Amino acid sequence: MSVKEHPANAQSASQAARLRLGVNIDHVATIRNARGGDHPDPVRAAQIVAAVGGDGITAHLREDRRHIRDEDLARIQAATGLPLNLEMAATDEMLEIALRHRPHAACIVPERREERTTEGGLDAAGQHNRLAPIVTRLSDAGIRVSLFIAPEVRQLEAALRLGAPVVEFHTGEYAHAAPGEAQARELRRLAEMAALARKNGIEPHAGHGLTYENVVPVAAIPQLAELNIGHYLIGEAIFTGLETAVRKMRELMDAAR
Ligand code: PXP
């Protein structure tokens, strides 16, 4: 199978729809867990995100529960009307939890215990047989499946074969590239892959390492439907408050469209 034009989903630059902002609140829980109590509560962060116009809450339940914990999921879901995007490893344990909580969306991410964050994209091409039943079971439960992949044709083709309705492109290479030609090359790659995803009927999202300084060119890619941003926003919230941080990111994203 190869990726190709899908006329029903072709979208031109002039049709750039509003870009959704999903706020990843994991690191509120990281700070909470540092002292083992219940403050600061990621639920309060989710409520603030909802109040200032965020479009969704993203949370990664990691195998080692280093930030978000099982009991946070239901509390987050109950606290706001915003859709929950659950980031999860492709494991039986996480599948069972997702099926129990029924988030709006589940983004399947690669996970290694020793990594500090999700360092690369999912090898959807190499793990087809592992991923296929998980994608099917999540989809059958009405959960919108997303695959967190590198912006590469091979991985997009694999997402197509798996029937994932959404891919989230890992923007780490872009975010960490030296400003100038290297970053411009990564941006072109993201833009080409977002266009290719749309042409094939897949909704493209993006995230990882996005900041006030680097978000605008990514937000300007017209085919992207959603950005998921966490660490930088929670870091900025320490200095300016979460409301201000989310509002400022929202303004930058809107100005780019
Ligand atoms: N999207 C996905 C799938 C992620 O795993 C993460 C966290 O690594 C993010 C978005 C947010 O990345 P960051 O915290 O760097 O903004």
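Throughout what follows, the structure given in this document is the object of discussion. For every chain, the first residue of the written sequence is number 1, and numbering continues from 1 onward in sequence order. Given that the model is predicted, a residue must reach a pLDDT of at least 70 before its local features are reported, and side-chain atom pairs must reach 80 or more before they are shown or counted; all residues, however, enter totals for whole chains, interfaces and linings. Note that the side-chain values use all heavy atoms of the structure and ignore hydrogens as well as water.

1. Points about the pattern of salt bridges
- Put simply, a salt bridge is a Lys or Arg side-chain nitrogen that is within 4 Å of an Asp or Glu carboxyl oxygen. Summed over the entire model, instances satisfying the criterion amount to 18 salt bridges.
- One salt bridge in this structure joins R20 and E226, with 3.1 Å as the shortest N-O distance. One end of the pair, R20, is in strand β1 (residues 20–24); the other, E226, is in strand β8 (residues 226–229), with 206 residues separating them in the sequence.
- Remark: exposure states derive from per-residue accessible area (1.4 Å probe, protein chains only) relative to the maximum for the residue type, with buried under 20%, exposed over 50%, and partly exposed in between. Look at R20 and you get partly exposed, because its relative accessible area is 28%.
- Note on E226: relative accessible area 12%, which makes it buried.
- With its nearest N and O atoms 2.9 Å apart, the salt bridge here joins R100 to E96. Here R100 and its partner E96 are both found in helix α4 (residues 92–101), 4 residues apart, which amounts to about one turn of the helix. Counting from the N terminus, the helices are the DSSP runs of H or I reaching at least four residues and the strands are the DSSP runs of E reaching at least two.

2. Things to note about a nonpolar patch on the surface
- On the surface, I31, I238 and F239 cluster together to form a nonpolar patch covering roughly 360 Å² of accessible area.
- Counting through the fold element by element, F239 comes out in helix α10 (residues 231–240). Patch membership needs two things, relative accessible area over 30% and no salt bridge, and members are linked within 9 Å if like-charged or within 5 Å if nonpolar (Val, Leu, Ile, Met, Phe, Trp, Tyr). Areas reported as accessible are Shrake-Rupley estimates using a 1.4 Å probe. Residue values count occlusion only from the protein chains shown.

3. Concerning the sheet that holds strand β6 (residues 166–170)
- Here, any two strands with at least 2 DSSP bridges between them count as paired. Read around the barrel, 8 strands follow the order β1-β2-β3-β4-β5-β6-β7-β8 and close on themselves; strand pairing throughout is parallel. Each adjacent strand pair in this sheet contributes to an overall mean axis angle of 25 degrees, direction not counted.
- Here strand β3 (residues 84–88) pairs with strand β4 (residues 105–108) via 4 bridges, running parallel. Bridge pairing in β4 links L86 to A106. Simply put, an axis is a line fit to the C-alpha atoms, just over the touching stretch for a helix, and the angle between two N-to-C directions goes from 0 to 180 degrees.

4. Observations regarding the packing of aromatic side chains
- Two aromatic rings from Phe, Tyr or Trp, using only the six-membered ring of Trp, form a pair when their centres are within 6.5 Å; if the ring planes differ by under 30 degrees the pair is stacked, by over 60 it is edge-to-face, and anything between is tilted. All told, the structure shown has 1 aromatic pair when counted by the stated rule.
- An angle of 80 degrees between the planes, with centres 5.0 Å apart, marks the rings of Y212 and Y232 as edge-to-face. With Y212 in the loop between β7 (203–207) and α9 (215–219) and Y232 in helix α10, this residue pair connects regions lying 20 residues apart in the sequence.

5. Let's talk about the site of the ligand
- Only heavy atoms are used to decide nearness, and a residue is near a molecule or strand if one of them lies within 4 Å of it. Taken together, 13 residues sit near the ligand, with E87, E168, G209, G230 and H231 positioned nearest.
- Polar contact is the term for a pair of N or O atoms within 3.5 Å; when the atoms are in protein, one must be able to donate a hydrogen and the other to accept it, and sequence-neighboring residues count only if both atoms are side-chain atoms. One nitrogen or oxygen atom from the side chain of E87 is found 3.0 Å from an oxygen atom belonging to the ligand.
- Coverage of the ligand by the protein amounts to 95% of the 390 Å² it exposes when considered alone.

6. Focus on helix α5 (residues 128–140)
- Given a helix with a known number of residues, its expected span is that number minus one, times 1.5 Å. Along its 13 residues, α5 runs 18 Å from first to last C-alpha, staying within 8% of the 18 Å computed at 1.5 Å per residue.
- Residues of α5 that are buried: L131, I134, V135 and L138. In an axial view of α5, the angular spread of the buried residues amounts to 105 degrees, which keeps them on one side of the axis. Exposed side of α5, more than 90 degrees from the buried face: N129 and D140 are the residues found there.
- Those residues of α5 that are buried lie in contact with β3, α4, β4, β5 (144–149) and α6 (153–162). The arc in question is the one traced by the directions running from the helix axis out to the C-beta atoms. In what follows, a contact means two residues having at least one pair of non-hydrogen atoms within 4.5 Å.

7. What about the packing of helix α2 (residues 42–51) against helix α3 (residues 70–79)?
- The N-to-C vectors of α2 and α3 enclose an angle of 25 degrees; their axes lie 9 Å apart at closest approach. One finds that α2 runs roughly parallel with respect to α3. Read as a crossing pair, α2 and α3 show a hand that is right-handed. Where α2 approaches α3, its residues P42, V43, A46 and Q47 are matched on the opposing element by D72, R75, I76 and A79. Working definition: roughly parallel below 35 degrees, roughly antiparallel above 145 degrees, roughly perpendicular at 65 to 115 degrees, and oblique for all remaining angles. Each helix crossing is assigned a hand: it is left-handed if the near helix lies turned anticlockwise from the far helix by less than a right angle, otherwise right-handed if that turn is clockwise.

8. A look at unusual backbone geometry
- Cis peptide bonds are those with omega within 30 degrees of zero, and the linkage from H39 to P40 qualifies with -5 degrees.
- Residue placement: P40 occurs in the loop between α1 (26–35) and α2.
- Non-glycine residue R65 carries a positive phi angle of around 55 degrees.
- Inspection of the secondary structure assignment puts R65 in the loop between β2 (56–60) and α3.
- Phi is positive for H208, which is not a glycine, with a value near 115 degrees.
- Considering the arrangement of structural elements, one finds H208 in the loop between β7 and α9.
- Using a relative accessible area of 18% as the deciding quantity, one classes H208 as buried.

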